[in-house]
Amino acid sequence: MRYHQAVHDVPVIFEGCEMPTQEAFDPTLGGLFPKEVVRSTLDIPDIPERDVVKHYVNLSQMNFGVDNGLYPLGSCTMKYNPKVCDEVASWPTVAQIHPLQDPSTIQGALRLMHELEKMLCEIGGVDAVTLQPAAGAQGEFTGIHIVRAYHEANGETRKEVVLPDTAHGTNPASAAMVGFDVLELPSKDGCVDVEALKSAVSKDTAAFMLTNPNTLGLFEKNVREIAGILHDAGALLYYDGANLNAIMGKTSPGKMDFDIVHFNLHKTFATPHGGGGPGAGPVGVKKMLEEYLPLPRIVEKDGVFSLDYDHPKSIGKVRAFFGNYSVLARAYTYIKMQGGKGLVSASENAVLNSNYLRHRLKDDFELPYAELRKHEFVLSGAPLKKKGLRTLDFAKRLLDYGFHAPTIYFPLIVDEAIMIEPTETESRETLDKFVEACETILKEDPKLLHDAPVNTARRRLDEAKAARDMIFSWRAFKKKSEAGSHKNGS
Amino acid sequence: MLQAIKLKSVRELFEDIPKEVRTDGLRLPDGMSEIDLRSELERMMAVNRPTTVMPNFLGAGIYNHFIPSAVKTIVSRSEFITSYTPYQPEISQGMLQSLFEYQSFMAELTAMDVVNSSMYDASTALGEAVLMAHRISGGDRFLISRTISPEKKEVAKTYAKGADIKLVEVGYDSATGQVDLADLKSKMGDTSAGFYFESPNFLGPIETRWEEIRRTVGAKTLVVGVNPMALALLKPPGEMGADIVIGDAQVFGTSMSLGGPTIGIFGCKTDHVRKMPGRIIGMTTDLEGRTSFCMTLQTREQHIRRSKATSNICTNEALLALAAAAHLSLVGRSGLREMAKRNVENMRSLSSRIGALKGFTAPRFNASHFNEFVVTSKTGSEKIHKDLLARNIQGGFVLDGAFPELSRSSLYCTTEMHSKTDHDKLVAALEAIR
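Residues numbered from 1 in each chain as written. Chains lettered and ligands numbered in written order. Predicted model: local features only at pLDDT ≥ 70, side-chain atom pairs only at ≥ 80, totals over all residues.

Turning next to the overall build of chain A. Looking only at helices and strands, chain A features 14 helices and 12 strands. Projected onto the principal axes, the alpha-carbon positions of chain A cover approximately 70 × 70 × 45 Å. Looking at chain A residue by residue over its 490 residues, the buried ones come to 57%. Considering only contacts within chain A whose residues lie at least 6 apart along the sequence, 71% involve residues at least 24 apart. (Helix = DSSP H or I, 4+ residues; strand = E, 2+ residues; numbered from the N terminus. Buried ≥ 20, exposed ≤ 12 C-beta atoms within 10 Å, placed from the backbone. Contact = placed C-beta atoms within 7 Å.)

The next point concerns the sheet that holds strand S11 (residues 372–377) of chain B. Residues and elements named next belong to chain B. One open sheet holds the four strands; their spatial order is S10-S11-S13-S12, and the pairing between them is antiparallel. On the outer flanks of this sheet lie strand S10 (360–361) and strand S12 (397–398), each paired with one strand and no other. In terms of strand pairing, S12 meets strand S13 (residues 409–413) through two bridges, oriented antiparallel. When the sheet's bridge partners are listed, valine 398 is paired in S13 with serine 410. (Pairing = 2+ DSSP bridges.)

Moving on, we get to the sheet that holds strand S5 (residues 221–226) of chain B. Adjacent strands of a sheet pair through backbone hydrogen bonds, lying either parallel or antiparallel. All names here are of chain B. As summarised here, the arrangement of the seven strands in space is S1-S7-S6-S5-S4-S2-S3, forming an open sheet in which the pairing is mixed. Edge positions in the sheet fall to strand S1 (114–115) and strand S3 (166–170), since each of these pairs with one other strand and no more. When S5 meets strand S6 (residues 244–248), the two strands line up parallel, connected through four bridges. The residue of S6 that forms the bridge with valine 223 is isoleucine 244.

Turning next to unusual backbone geometry. With an omega of -5 degrees, the peptide bond running from alanine 452 of chain A to proline 453 of chain A counts as cis. Along the chain, proline 453 of chain A falls in the loop between helix H12 (446–451) and helix H13 (463–469). Residues alanine 362 of chain B and proline 363 of chain B are joined by a peptide bond in cis, for which omega reads -10 degrees. Within the element layout of this structure, proline 363 of chain B appears in the loop between S10 and S11. Non-glycine residue lysine 6 of chain B carries a positive phi angle of around 60 degrees. You can see lysine 6 of chain B is positioned in the segment before helix H1 (10–13). Accessibility expressed as a C-beta count within 10 Å gives 8 for lysine 6 of chain B, which makes it exposed.

Looking now at the environment of threonine 379 of chain B. Residues and elements named next belong to chain B. With respect to the helices, strands and loops of the structure, threonine 379 is situated in the loop between S11 and helix H12 (381–390). Expressed as a C-alpha distance, the spacing of threonine 379 and glycine 359, which sit 20 residues apart in the sequence, is 7.6 Å. Once you skip the residues sitting within four places of it in the chain, threonine 379 turns out to touch Gly359, Ile384, Ile433 and Arg434.

A few words on the packing of helix H9 (residues 325–361) of chain A against helix H11 (residues 428–443) of chain A. Angle between the axes and distance between the axes are the two parameters that describe a pair of packed helices. All names here are of chain A. The geometry of H9 relative to H11 is characterised by a closest axis approach of 10 Å and an angle of 25 degrees between their N-to-C directions. Comparing their axes, H11 and H9 come out roughly parallel. Along this stretch, H9 crosses H11, giving a crossing that reads as right-handed. Two secondary-structure elements touch here, H9 through Asn353, Tyr356, Leu357, Arg360 and Leu361 and H11 through Leu431, Val435 and Cys438. For the contact of H9 with H11, the class distribution of residues is six nonpolar, one polar and one charged. (Axes fitted to C-alpha atoms, helices over the stretch in contact; angles between N-to-C directions. Parallel < 35°, antiparallel > 145°, perpendicular 65-115°, else oblique. Left-handed = near helix turned anticlockwise from the far one by under 90°. Nonpolar A, V, L, I, M, F, W, Y, C, P; charged D, E, K, R; others polar.)

Many analyses report the size of an interface as the accessible area lost when the parts associate. Residues and elements named next belong to chain A. As assigned here, chain A comprises domain 1 (1–63), domain 2 (83–338), domain 3 (347–451) and domain 4 (463–490). Once you take the C-alpha centre of each, domain 2 and domain 3 turn out to be 30 Å apart. Opposite the 18 residues of domain 2 that make contact, domain 3 presents 16 residues. (Domains from an automatic or database assignment.)

The following block contains the structure:
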């Protein structure tokens with residue numbers, strides 16, 4: 001075991017910094033503003049650039065990204081992010097433009113977005129795409145608003161969105177935000193229970209949300225039958241694109257008869273996830289739903305691009321301006337670099353890597369449901385219980401070996417779930433090392449797993465204390481310690 | 001590898017996809033080498049006119065501010081930019097502490113008890129604030145000041161629709177551009193969940209009558225929109241009775257990039273924290289008692305509560321939160337206040353020069369401003385816009401569409417990035433055009 005994360009002593013940036021004296025505040029600001037709106041204190045430290053850079057560089061060394069190593073976080077598609085994409089996004093011609101500039105002065109940007117829409121149409125098997133949603137969950141929100149607008153335009157008020165119990169948490173949350181009741185359907189053999197679906201669908205069903213392959217990595221073979229059931233009932237079919245990396249060029253949501261689909265550009269199209277964001281969640285639809293897409297639409301005529309607001313049936317806007325444009329520019333660059341064939345082989349290699357790992361690891365754990373998986377697979381850590389261990393312990397121990405942990409305890413239908421998605425950008429050598437680490441861990445003294453991690457910047461955290469203490473800022477920390485010392489003194 | 005898993009071909013890996021839904025590859029061009037791709041993209045983007053080749057006087061929610069070089073050094077660190085949401089806190093302390101520091105900077109600037117670790121942008125933060133006000137105060141309507149950006153208004157409408165909340169507009173005083181208190185009083189009935197206004201508002205004026213507004217809103221939820229850079233000088237909303245504060249921290253360390261990504265600020269009082277959307281980072285300790293950070297109060301969130309969550313948000317704008325924290329650390333209090341003052345001074349100088357031109361009134365409203373102001377002219381604002389463009393100047397945001405009552409008006413923005421030459425060029429052009 002050679003991995004050791006850096007452990008720097010980096011106090012919170014405010015700590016120990018001499019606050020500039022408050023006397024510096026001029027109550028009238030030389031008459032710039034009326035006295036009643038002028039600020040009297042501001043506790044932000046003045047720190048030399050040299051120290052600020054040291055602070056954040058040392059913090060960065062206490063963080064783990066794809067560039068550090070394998071990040072097999074299931075359903076998150078943590079593939080390598082080509083650096084040219086970041087480079088393009090930083091050019092002044094890309095970064096130094098304003099969204100309200102005259103369209104004649106941003107023709108290159110509009111062309112990029114228009115072409116990206118067309119590329120996503122081809123990949124998704126849909127007829128029109130909006131790039132406005134800022135993330136996958138916002139794509140769902142947009143798609144479900146389109147569902148609502150579509151039914152309302154047909155004079156119907158359908159109340160319910162149906163989804164399987166393996167769905168990502170964002171699915172039910174998005175449906176609820178748009179005002180729908182949510183019905184979660186228990187799965188059968190890890191897939192949609194078609195008979196149960198038949199009896200659940202009614203004239204109240206507005207849409208069914210599904211990701212295919214599903215979160216177990218299983219391809220829902222009955223997808224056409226499922227689509228038929230929904231469409232016969234007048235409902236729409238929504239595709240959660242979180243798992244699109246498995247199927248590019250092999251099938252498409254459109255071909256599977258989905259009506260609405262979102263894409264996660266920060267997953268399938270390699271834009272860096274930035275420690276939590278930004279992402280981008282474009283939404284594609286079939287022709288009959290195009291008029292409901294958010295505004296403006298980017299249109300092209302004779303090589304000139306302009307903005308079209310004239311769609312009275314549109315759901316309006318879900319985010320200001322055009323969406324996360326610099327993420328769009330990165331994804332566009334990635335797709336151009338890969339080309340059609342490159343994207344297909346990305347999916348092939350993602351599925352190959354996943355099945356290779358699945359094959360190597362299934363006997364070390366348990367593999368519920370069918371063998372063949374797509375881009376990800378879910379093991380059960382239930383056998384660990386015999387040794388008094390849990391999946392959590394195994395995941396924490398993996399950190400000690402320099403691997404990010406897989407997604408754990410999801411989907412909920414697998415006991416002690418371990419959800420692994422290696423992606424196509426990892427070599428066989430890396431995958432073998434990962435297997436080796438897993439097997440070593442399973443043979444280790446359970447105490448080592450209980451105590452893990454020990455090679456990371458911190459050991460296990462008291463998460464209950466964080467919720468109890470509610471210290472969400474330096475201000476709150478100071479207030480609390482002042483109150484504490486006051487109490488101690490009295 | 002295929003051999004190792006006892007398969008003969010890649011085709012077998014996809015055998016579970018039924019024939020009737022299979023597709024045969026993608027009809028997209030072949031891939032390109034980095035060298036060819038870069039030169040093609042350089043050509044394609046060269047037709048854009050960035051601020052480096054054309055002075056630009058647009059604001060209206062997206063601002064061109066100075067970004068210290070070290071911000072890029074920091075946010076480009078691989079360990080930050082290529083990490084996912086910090087689900088494993090032991091190996092993600094760098095991002096978690098940075099997000100805590102972002103929350104701390106925002107809490108200090110706004111004087112709110114808690115600021116989450118980011119929303120998508122200010123417009124969606126407003127949408128979420130309307131929903132949260134509804135969770136706090138009930139009611140089937142929510143009041144929104146007329147002086148907000150048309151973009152934000154549209155987004156708020158979409159969010160409100162999901163919860164069947166009716167948005168009701170509150171007018172502004174035509175002389176000062178501030179909230180029309182009489183209109184607010186007449187509309188603030190029992191069934192309103194609360195009221196949203198901005199200071200400085202979309203048209204530029206800074207609000208001064210906070211006490212009356214707070215009193216009128218009473219026990220209902222007061223949501224305030226801020227420009228966090230202006231808060232370097234202005235009294236924070238937390239000291240003026242705001243329940244929820246929203247804004248956009250794009251002004252701290254993030255380029256305009258055609259308006260995205262930006263970063264939504266979302267703060268509230270501690271009493272309401274469990275009704276709040278988004279991820280929150282909290283301070284705690286590890287097994288060895290060392291100060292540590294983790295995501296907390298997650299039972300509000302979609303991955304736990306599913307359809308009962310306070311919001312569906314998952315991916316947010318973490319890297320931009322890091323940029324904001326780095327930016328504020330680098331400029332410090334002195335630099336921040338200096339920069340903010342430069343904005344006010346530049347605005348005052350430019351607006352008085354334009355106001356002195358024959359046929360122009362600037363600023364339109366009799367109030368204090370930060371860095372934006374309305375210019376009204378005898379000549380139509382579309383014509384001025386086109387004539388400026390012909391002189392390679394991007395003028396202000398034409399208001400005729402969204403604010404017809406202000407006929408022949410545009411919203412101009414000037415920041416510390418404009419030189420005296422830029423101002424000279426604009427003033428000379430306007431004088432020639434009128």
